[in-house]
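# Coordinate inspection notes
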Amino acid sequence: MASQNRAPQTRQLTKPKFEKLSEVRPGIHGYNTYVKIEDIKKEQIKRYDGSTLVVAEGLAGDDTGVIRFRVIGEYANILEKGKCYAWRNGLSEVVQERHRLSLDQFGRITPEKDDLVVVNQSGKKYSDVEYVRKDQRPNTNNNRRDNRDRENRDNRDNRDNRDNREQNRENRDRDNRDNRDNRDNRGQRRPQGNRNTRGGNQKRD
């Protein structure tokens with residue numbers, strides 16, 4: 001068949017886009033950037049199973065400025081001061097109101113040529129900028145609960161108003177019936193006198 005003879009389509013890979021540190025926004029993940037390690041400190045953390053985990057923290061930069069970073073695990077072992085690296089699929093965190101580069105399980109760091117990046121020491125210090133979160137994002141659960149309570153109150157008020165209107169209508173109908181009954185009763189109690197007698201005694205023959 002023609003479909004079986006058709007050559008398989010090859011998927012072309014796109015070249016990743018690398019950004020400057022000035023383009024890496026706080027909270028925007030999945031970026032790629034080239035940096036040079038200006039300062040680094042490593043420590044080993046003992047895990048609950050007895051193994052050790054390497055944590056690297058320090059300062060990295062490019063020609064736009066410098067920023068703090070923190071890397072945990074295998075990539076922390078390869079980082080060295082004065083070396084250039086490609087930071088792929090990175091995390092852009094805000095920790096204690098400060099911007100910081102990091103990695104997740106899908107990110108990776110690869111060494112590059114040492115002269116690839118020239119750090120601008122007088123450039124912007126991105127981690128010195130304090131970021132204030134907008135109310136930590138409003139608690140949607142509380143908002144939904146407040147809206148639900150407000151709707152319930154409105155519904156109760158509407159029911160109460162409707163009940164009051166119905167009760168007032170019933171009261172008016174009852175008053176109207178009572179008034180009609182009273183008028184009927186007064187009409188029935190009216191004396192039926194002799195039409196030929198107009199006051200005084202009747203004339204005798």
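What comes next concerns the included structure. Being a predicted model, the structure only gives us computed values, none of them experimental.

### A few points about the nonpolar core
- F69, V71, L79, W87, L101 and I109 are the most contacted members of the largest nonpolar core, which totals 19 residues.
- For this core, the secondary structure elements donating two or more residues are β1 (31-46), β2 (52-62), β3 (65-72), β4 (84-95) and β5 (98-112).
- Apart from the residues lying within four places of it in its own chain, the contact partners of I109 are V71, Y75, I78, L79, Y85, A86, W87 and L103.

### Overview of the side chain of S127
- Within the secondary structure layout, S127 lies in the loop between β6 (124-125) and α3 (140-189).
- In this structure the side chain of S127 is engaged in a polar contact, spanning 2.8 Å, whose partner is the backbone nitrogen of R68.

### Quick notes on a negative patch on the surface
- Taken together, the side chains of E151, D154, D157, D160, D163, E166, E170, D173, D175, D178 and D181 make up a negatively charged region of the molecular surface.
- Secondary-structure assignment places D154 in helix α3.
- Using a relative accessible area of 39% as the deciding quantity, one classes D154 as partly exposed.

### Comments concerning the pairing of β4
- Along β4, 9 of the 12 residues are buried, which leaves the element largely enclosed by surrounding structure.
- The pairing of β1 with β4 spans 5 bridges and is classified as antiparallel. Note that in β4 the partner of Y31 across the bridge is G90.
- Pairing geometry for β4 and β5, over 11 bridges, is antiparallel. Bridged to A86 within β5 is T110.
- Where β4 folds back on β5, the antiparallel hairpin that results is connected by 2 residues, among which Q96 adopts a positive phi of roughly 55°.

### Quick notes on the pairing of β2
- Where β1 and β2 come together, 10 bridges link them in antiparallel fashion. Paired with K36 across the two strands is G61, which belongs to β2.
- Where β1 folds back onto β2 in an antiparallel hairpin, the turn is made up of 5 residues, including G50, whose phi is positive at roughly 95°.
- Two successive antiparallel strands, β2 and β3, enclose a turn made up of 2 residues.

Cut-offs used in this document
Residues numbered from 1 in each chain as written. Predicted model: local features only at pLDDT ≥ 70, side-chain atom pairs only at ≥ 80, totals over all residues. Heavy atoms only, no water. Core = buried A, V, L, I, M, F, W, Y, C linked by side-chain atoms within 4.5 Å. Buried < 20%, exposed > 50% of the residue type's maximum accessible area, 1.4 Å probe, protein only. Helix = DSSP H or I, 4+ residues; strand = E, 2+ residues; numbered from the N terminus. Contact = heavy atoms within 4.5 Å. Polar contact = N/O pair within 3.5 Å; in protein donor to acceptor, adjacent residues only side chain to side chain. Patch = residues over 30% accessible without salt bridge, like charges linked within 9 Å, V, L, I, M, F, W, Y side chains within 5 Å. Areas by Shrake-Rupley, 256 points an atom, 1.4 Å probe, with all protein chains shown as cover. Salt bridge = Lys/Arg side-chain N within 4 Å of Asp/Glu carboxyl O. Lys, Arg positive; Asp, Glu negative; His and termini not counted. Charge placed at Lys NZ, Arg CZ, Asp CG, Glu CD. Pairing = 2+ DSSP bridges.

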